[in-house]
Amino acid sequence: MKKVLLLTLALVMLVCVSAASADVVIAFSQIGQESDWRTANTDDLRNAIENHEGWKLVYDDAQQKQENQIKALRNFITQGVDYILFTGVVSTGWDEVLKEVNEAEIPLLLIDRIPDCADKIDYVAAFGGDFVEEGRRQIAWAGEYLKSIGKGDVDVNIVIMEGTTGASAQTGRTEGNLKALAEYPHLKLVGQQSGNFTRAEGQAVMESWLKSIDKIDVLIAQNDDMALGAIDAIKAAGKVPGKDIIIVGCDSVKAAFDAIVAGEMNCTVECTPLYGKFVVPTIEALIRGEKFDKTVVHPEEGVFDMDGGIDLGTVKSIKAADVIATRQY
Ligand code: GYE
């Protein structure tokens, strides 16, 4: 009898110990690998989760395809993961699958590109860039910079290279770009096309613009990768990037800082990919049973350029060379 009791006790203890040490499984549906921003975002979240004691990451790269993301989310449900991190390649078409996530009662954390249906679904926390404000800052920087060099009253031809069509980072930045253009009537929009957030497509679009548009004074690229691709096209056409054509990017990746310090790019509006420092404490708090408001938190972000000091209302630009050594991505 005593033996049976001891054995039962040992068994109960074993079950308890293994339950206590079971991993917390966090699944992450990532969009793809289109840009330096995306690489930094993946690495940051990967390190933050994988280096956390007792946490396990299930990672899926959707290669820019919405159907792959939908498949990944359904797999996460079948696997019974504990938390889901999600960013959507485009902003629409997620209602059904995210409702399934809700029905499975898996806490959902939205990061980066927040889907349009966010109001209609449950999520436990959300962190993403303020894309409309980023787009506004890009145009305001160009307009204010031109004023600062005495060209505020001169008509200037501007082209807008957009990100992946239908991505919230594209729709938001385009909205911000176009709204701000109305404040600067001397900036004349002469081209507007998608470069799909990649270096190669940025280069190709710039090449075709340089052939078809007589005079381009300013390039607004909705991410740095496209700006860097465009710089190659501008050089190949025998023009000087950063001088003949003013170039404003977005993200503030290392390669853009290098280009600004080298004098080949003028400005980059920051959009941070470093969400690990938000996601980790949030999941820790959720595990403790804390709850958060249903709001999208925007990280604080800067604007970096060749000389600094351009006043954009909400921020003043910072000279890139002064802070390049402190940059993390
Ligand atoms: O700006 C771009 C990336 O969604 C904020 O996606 C992100 C954007 C970023 O490919 O470089």
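Just above, that's the structure.
Residues numbered from 1 in each chain as written. Predicted model: local features only at pLDDT ≥ 70, side-chain atom pairs only at ≥ 80, totals over all residues. Heavy atoms only, no water.

> Would you explain the pairing of strand β1 (residues 24–30) in this entry?
Residues in a regular strand point their side chains to alternate faces of the sheet. Burial runs high along β1: seven of the seven residues are buried. Here β1 shows no split at all, with Val-24, Ile-26, Phe-28 and Gln-30 on one side and Val-25, Ala-27 and Ser-29 on the other all buried. Where β1 meets strand β2 (residues 55–61), seven bridges bridge the pair, whose relative direction is parallel. Among the inter-strand pairings, Gln-30 is bridged to a residue of β2, identified as Asp-61. Taken together, β1, helix α2 (residues 36–50) and β2 form a β-α-β motif whose crossover is right-handed. (Buried < 20%, exposed > 50% of the residue type's maximum accessible area, 1.4 Å probe, protein only. Helix = DSSP H or I, 4+ residues; strand = E, 2+ residues; numbered from the N terminus. Pairing = 2+ DSSP bridges. Right-handed = clockwise from strand over helix to strand, strands pointing away.)

> What is the right way to read the site of the ligand from this model?
In the region of the ligand, 13 residues are neighbours, and Glu-34, Asp-112, Arg-113, Arg-173 and Asp-251 sit closest. A distance of 2.7 Å separates an oxygen atom of the ligand from a polar atom in the side chain of Asp-112. Side-chain polar atom of Arg-113 to an oxygen atom of the ligand: 2.8 Å apart, as the coordinates give it. The fraction of the free accessible surface of the ligand (300 Å²) that becomes covered by protein chains is 100%. (Near = heavy atom within 4 Å. Polar contact = N/O pair within 3.5 Å; in protein donor to acceptor, adjacent residues only side chain to side chain. Areas by Shrake-Rupley, 256 points an atom, 1.4 Å probe, with all protein chains shown as cover.)

> What exactly am I supposed to notice about the sheet that holds strand β3 (residues 83–86) here?
As a general point, the strands of a sheet are linked pairwise by backbone hydrogen bonds and lie either parallel or antiparallel. Strands sit in the order β2-β1-β3-β4-β5-β11 across an open sheet of six strands; the sheet is parallel. Of all strands in the sheet, those with a lone pairing partner are β2 and β11 (296–297), marking the two edges. Pairing geometry for strand β5 (residues 125–127) and β11, over two bridges, is parallel. What sits directly across from Phe-127, in β11, is Val-297.

> Hey, could you run me through the sheet that holds strand β6 (residues 156–162) in this one?
The strand order across the open sheet formed by seven strands is β7-β6-β8-β9-β10-β12-β13, and the pairing between neighbours is mixed. In the strand order of this sheet, the two ends are held by β7 (187–194) and β13 (318–319), each with one partner. Across three bridges, the pairing between strand β10 (residues 267–270) and strand β12 (residues 303–305) is antiparallel. Following the sheet pairing, Thr-268 is matched in β12 by Phe-304. Where helix α7 (residues 199–212) meets the sheet, its contacts fall on β6, β7 and β8 (218–221), and the angle it forms with β6 comes to roughly 150 degrees. On top of the sheet, helix α9 (residues 254–261) reaches β10 and β12; it is set at about 150 degrees to β10, its chief contact. (Contact = heavy atoms within 4.5 Å. Axes fitted to C-alpha atoms, helices over the stretch in contact; angles between N-to-C directions.)

> What is the right way to read the layout of surface pockets from this model?
Sizing a probe to match a water molecule and rolling it over the atoms shows the empty space that remains. Considered as a void within the structure, the largest pocket measures approximately 290 Å³ in volume. Broken down by element, the residue count for the lining of the largest pocket peaks at three residues, all from helix α6 (residues 168–181). Of the residues assigned to the lining of the largest pocket, the class counts are seven nonpolar, six polar and four charged. Approximately 220 Å³ is the volume found for the second largest pocket. Glu-270, Thr-272, Lys-277, Arg-327 and Gln-328 are, among the 14 residues lining the second largest pocket, the residues nearest its centre. Of the residues in the lining of the second largest pocket, the class split is six nonpolar, three polar and five charged. (1 Å grid on protein atoms, 1.4 Å probe; cavity = no way out; pocket = protein on both sides within 12 Å on 5 of 7 lines; lining within 4 Å. Points joined across faces, edges and corners; volume = space filled by probe spheres on them. Nonpolar A, V, L, I, M, F, W, Y, C, P; charged D, E, K, R; others polar.)

> How should empty space enclosed by the protein be read in this particular structure?
What the rule picks out here adds up to one cavity of 30 Å³ or more. Counted as a void, the largest cavity has a volume near 90 Å³. Forming the boundary of the largest cavity are 13 residues, of which Trp-37, Arg-38, Arg-113, Arg-173 and Asp-251 lie nearest the centre. Among the residues making up the lining of the largest cavity, the classes are represented as five nonpolar, two polar and six charged.

> Looking at this structure, how should I read the nonpolar core?
One recurring pattern in soluble globular proteins is that nonpolar side chains are buried together. Residues Met-161, Met-206, Trp-209, Leu-219 and Met-265 are the most contacted members of the largest nonpolar core, which totals 54 residues. Among the elements that take part in this core, helix α8 (residues 224–236) stands out by supplying seven residues, more than any other. Residues contacting Trp-209, with those up to four places away along its chain left out, are Val-159, Ile-160, Met-161, Gly-191, Gln-192, Gln-193, Ile-216 and Leu-219. Core analysis: the next-biggest nonpolar cluster, separate from the first, contains 25 residues, Val-25, Leu-73, Trp-94 and Ile-114 among them. (Core = buried A, V, L, I, M, F, W, Y, C linked by side-chain atoms within 4.5 Å.)

In short, geometric facts, not functional conclusions.
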